[in-house]
Amino acid sequence: DANQIDPEEGLDILSTIDVNLQDVAHQALLNQLTKHNADHGCVAVMHVNSGDVKAIANLSINEDGSYSEKYNYVIGESTEPGSTFKLASIAVALEDGFVSIDDSVQTGEGSYDFMGSTMKDSKKGGYGKITLARAIEVSSNIGIAKTIVEHYSSDPQKFIDGLYKLGLNQPTGIEISGEGKPFIKSTSEQWSGISLPWISHGYEVSLTPLQILTFYNAIANNGKAVRPRFVKAILNKNNTEQNFETYVLNERICSEKTAKNLQKMLEGVVENGTAKNLKNAHFKIAGKTGTAQIYNEKYGYKYASKVSYQASFVGYFPAENPTYSCIVVVNAPSNNVYYGNLVAGPIFKEVADKVYATALELHPTATPKPTAQYPAPFTAFHQDAKSIYQYLYPKAQPLSHTSKSDLIQIKESETFELTLNHKSKKVPNVIGMSIKDALYVLESRGLNVSFRGNGKVVAQSIKSGSLISKHNNIHLTLF
């Protein structure tokens, strides 16, 4: 009728998502959320150089205990990140030239007072005096906070400005609506005497998982920050209407030297630190664990004397050639296990294993071993050996020999001519010979031979080099 509107053909979106990897990320997240009875969680996987988002999964718990997609936490949920923020603090101090990763810091017995507010490390009894690199590996709150306070207490805004230079106060600008706003306050707003040490290890700041991932992806990319990309192109049938190139947010958020030092520290976290359970025999992972207390505007950090936690792990792989970065955040696990390496880490590892198994470009190219001229060890008379090898290996180099030698011994690609001394009074070595050749060699020296088995000689009852006496009997074992 007159109100009918004819349909128009739509355009196609060429997404960056890998459907197989998406399925793995979704299932790994679901399994861990269920195991820990968590409120919600998310996963995102990104290609380091291009910024292509290969997988993004978000799940929330329902009233019946099942999980479903309700909200895009990766993009929209801005929270205090906790320990994953420590890398940014050290990046600022390295860039300003105040520290090196081998500098030492005294963390004491695991508890330290900052202007009446007590900060604690997770290890009972503390870590004592450790290097800055070790402080990142074991995620020492005190080690990071004392380092930042020592160098920036007289000018805390310099530290904040350093975080701004890393781009942490800016949204990524992705084209999906609803991106949470990052918050890193300046000294002019709601600043207190404990703001500096608490900001240094990831409190009094707010970032989304995607914003944190973008920062870690830049470190993996030697300091080059790229915007996460979800769409490569818009297509009209087989024709490209519009391409979306990789967008560089900042060519260099830090020096290459700083990036390399940070990469070294992140490798240490997995090799020797809080994420040792993620070590992989096939490829190296680099990253940082995070365990943050969750703040509620109504109740603060505690409700009914209980604390809720956010467990996270963010990093990249393979560590020696960063190709993919990934972040996992699990909110409010409630089965008394809440550390990032135990709750979020297994999801990261499962996704990384799947990526590595399917991404052939990550596997080193196998260098084929040169084919031996004569593939199998062999000892035989010249004429026999020549006939066998000409039949089996027609392209092999011909066997050369002198008329004075009786046998040729072939081992891998080498040939040796053996001249038999029939007058020798010593037992010869016939290991590796056929029974025909062994009989000829032994009987020509007056030995009485018996044997058992088939194939080549693998053992002889009289050791080679032994003196031959009259009526010697020798037994051979063949296999």
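Keep in mind it's a predicted model, so treat the numbers as computed, not measured.

Calculation notes
- Residues numbered from 1 in each chain as written.
- Predicted model: local features only at pLDDT ≥ 70, side-chain atom pairs only at ≥ 80, totals over all residues.
- Heavy atoms only, no water.
- Helix = DSSP H or I, 4+ residues; strand = E, 2+ residues; numbered from the N terminus.
- Buried < 20%, exposed > 50% of the residue type's maximum accessible area, 1.4 Å probe, protein only.
- Contact = heavy atoms within 4.5 Å.
- Areas by Shrake-Rupley, 256 points an atom, 1.4 Å probe, with all protein chains shown as cover.
- Pairing = 2+ DSSP bridges.
- Axes fitted to C-alpha atoms, helices over the stretch in contact; angles between N-to-C directions.

Draft legend 1. Structural view of the overall build of the protein. A count of helices and strands for the protein gives 13 helices and 25 strands. In the protein, which comprises 479 residues, the share counted as buried stands at 47%. The long-range share in the protein, meaning contacts at least 24 apart out of those at least 6 apart in sequence, stands at 64%. Counting every atom, the protein has about 24,900 Å² of accessible surface; 49% of that belongs to carbon and sulfur.

Draft legend 2. Geometry of the sheet that holds strand E13 (residues 239-243). Reading across from one edge, E1-E12-E13 is the order of the three strands in this open sheet, with antiparallel pairing throughout. If you trace the sheet from one side to the other, it starts and ends with strand E1 (12-15) and E13, each paired once. Put simply, the sheet's adjacent strands are angled 30° from each other on average, direction ignored. Sheet analysis places strand E12 (residues 231-236) next to E13, joined by four bridges and oriented antiparallel. When the sheet's bridge partners are listed, Leu 235 is paired in E13 with Thr 240.

Draft legend 3. Structural detail: the pairing of strand E18 (residues 309-317). Counting buried residues in E18 gives nine out of nine residues, a clear majority hidden from the surface. Residues Tyr 309, Ala 311, Phe 313, Gly 315 and Phe 317 line one face of E18 and the alternating positions Gln 310, Ser 312, Val 314 and Tyr 316 line the opposite face, and both faces are buried. Sheet topology places strand E15 (residues 286-293) next to E18; eight bridges connect them, and they run antiparallel. Pairing of Thr 289 across the sheet is with Phe 313, part of E18. Examined bridge by bridge, E18 and strand E19 (residues 324-331) share eight bridges and lie antiparallel to one another. Bridging from a neighbouring strand, Val 314 pairs with Ile 327 of E19.

By themselves these figures say nothing about function.
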